Amino acid sequence: MKIPSNIITLLVGIVITLASLWYGQNHGLMPVAASEDAKQVDNIFNFMMTIATGLFLLIEGVLVYTVIRFRRRKGDNTDGPPIEGNVPLEILWTAIPTIIVFILALYSFEAYNSMGGLDPVISKDNPPQQIAMGGHHHQMALGIGNASTEDNPAVMVDVKAIQYAWIFTYPETGIVSGELHVPIDRPVQLNIDAGDVLHAFWVPQLRLKQDAIPGRQAVLAFTANREGDYPIICAELCGAYHGGMKSVLHVDSTEAYAQWEESNKPVQEANMGETAMVDPTEMSDREFLSRYAEDMGMNHQMVAELASNHADHAF
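All of the points below concern the structure found in this document. Please read these numbers as outputs of a predicted model, since none were measured by experiment. Residue numbers run consecutively from 1 along every chain, following the written order of its sequence. Selection of residues for local features in this predicted model requires a pLDDT of at least 70, selection of side-chain atom pairs for listing and counting requires 80 or more, and totals for whole chains, interfaces and linings are taken over all residues. Side-chain numbers come from the whole structure's heavy atoms, not from hydrogens or water.

Another point: the pattern of salt bridges. A pair can form between side chains of opposite charge whenever their charged atoms are brought close. Salt bridges, as used here, are contacts in which a Lys or Arg side-chain nitrogen is within 4 Å of a carboxyl oxygen on Asp or Glu. Taken as a whole and judged by the stated rule, the model has four salt bridges. Residue Lys39 pairs with Glu36 through a salt bridge whose shortest N-O separation is 3.5 Å. With a gap of three residues between them, Lys39 and Glu36 both fall in helix α2 (residues 36–69), about one helical turn apart. Burial here depends on accessible area, computed with a 1.4 Å probe over protein chains only, as a share of the maximum for the residue type. Under 20% is buried, over 50% is exposed, and the range in between is partly exposed. Assessed through its relative accessible area of 41%, Lys39 is described here as partly exposed. In this description a helix means any DSSP run of H or I spanning at least four residues, a strand means any run of E spanning at least two, and both kinds are numbered starting from the N terminus.

Okay, the pairing of strand β8 (residues 208–212) next. Here β8 shows a clear split, with Leu208, Gln210 and Ala212 buried on one side and none of Lys209 and Asp211 buried on the other. Across five bridges, the pairing between strand β7 (residues 199–203) and β8 is antiparallel. Considered in β8, the bridge of Ala200 is made with Asp211. Here β7 folds back onto β8, and the loop between the two strands holds four residues, one of which, Arg207, carries a positive phi near 60 degrees. Only strands joined by at least two bridges in the DSSP assignment are considered to pair.

Attention shifts here to the packing of aromatic side chains. Aromatic pairing here means that ring centres of Phe, Tyr or Trp (its six-membered ring) are within 6.5 Å. Orientation follows from the plane angle: under 30 degrees is stacked, over 60 is edge-to-face, and everything else is tilted. This structure, assessed with the given rule, holds seven aromatic pairs. Arranged with centres 5.5 Å apart and planes meeting at 70 degrees, the rings of Tyr164 and Tyr241 form a pair that is edge-to-face. Here Tyr164, found in the loop between β2 (155–162) and β3 (165–170), pairs with Tyr241, found in the loop between β10 (228–234) and β11 (246–252); they are 77 residues apart in sequence, far enough to count as distant. Taking relative accessible area as the criterion, Tyr164 reaches 13% and is therefore assigned buried. When its relative accessible area of 49% is taken as the criterion, Tyr241 is described as partly exposed. Grouping aromatic residues by their ring pairs yields a cluster made of Trp166, Phe168 and Phe201.

Turning to the environment of Glu227, a few remarks are in order. One can find Glu227 in the loop between β9 (218–223) and β10. Since its relative accessible area comes to 48%, Glu227 is described here as partly exposed. For the pair Glu227 and Ser253, spaced 26 residues apart in sequence, the C-alpha to C-alpha distance is 6.8 Å. Every residue pair with non-hydrogen atoms within 4.5 Å of one another is taken to be in contact. Setting aside residues no more than four positions away along its own chain, Glu227 makes contact with Ile184, Val251, Asp252 and Ser253.

Axis definition: a line fitted to C-alpha atoms, over the contacting stretch in the case of helices. Angles run 0 to 180 degrees between N-to-C directions. Remark: α2 packs on helix α3 (residues 87–114), axes separated minimally by 9 Å, with the N-to-C direction vectors making an angle of 170 degrees. In this view, α2 runs roughly antiparallel relative to α3, as classed from their interaxial angle. Of the residues in α3, those in contact with Gln40, Asn43, Ile44, Phe47, Met48, Ile51 and Leu55 of α2 are Ile100, Ile103, Leu104, Tyr107, Ser108, Ala111 and Ser114. As a working rule, the residues Ala, Val, Leu, Ile, Met, Phe, Trp, Tyr, Cys and Pro are called nonpolar, Asp, Glu, Lys and Arg charged, and the rest polar, with Gly in that last group. A breakdown of the residues in the contact of α2 with α3 according to their chemical character gives 10 nonpolar, four polar and no charged. In these notes the angle categories are as follows: under 35 degrees is roughly parallel, over 145 is roughly antiparallel, 65 to 115 is roughly perpendicular, and the rest is oblique.

And the structure:
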């Protein structure tokens, strides 16, 4: 019994749809998601993978079928039919990608906006100190992320990018570290700038990246919801040792974070018989790097080289 072509087409369509939906949710290409923002980005990526898989199976399937079904038979030396085009088909394969692109644009913009992105009405480049986060557009910003609330205030961290290290300063406690520690399920606001050239703060598990620009302050806010240690990577080519500009984001439990704060109180030094806090911003490059080299995972040779390279730069 010969199966009607429309039934075969329907069955093929169902198989392609099911395969695309399955692979779109089970591709395993993304790292672990460590924040709610990461889940939103993953949803967009999964949606795009579903569409891409369906298109791949459909187009490649048609090509394979065509190669087999319409191959030249043995002894057939005739020319093929003079087909010049198919206007309805060309309209169809132009319209479908256009619709897909519009859907993806709207979906991604909505996710970006819900993550605390730029306001769709007033998005433009404004002076450095104006920022917008968390859906509350009090000011315009260079940055992205959900801000703190009255019930759950954010942990404020000043992030300085230099060739080739990340310096994290906690203004509320005075802690200075070469690694970033944050408590789980609490908003964190990073105030990011660069001391020399362009850098980019990127944590793949957060699905967030923000450029660090000399002379400009950028904001990156997030709430980590998964304990663990995640790599901090510079995603902007910043010099010869760009590949070595790495650090670690430690997402700690509330208790572990409190212990870390207690054990990393600011350095105290005697000053005229009194105890005074050392201000990192008043140190020279060499003094700063020497003091915090161990936190940043640098040896003495690297410290000497970095201090020499930054003799003309102020932190």
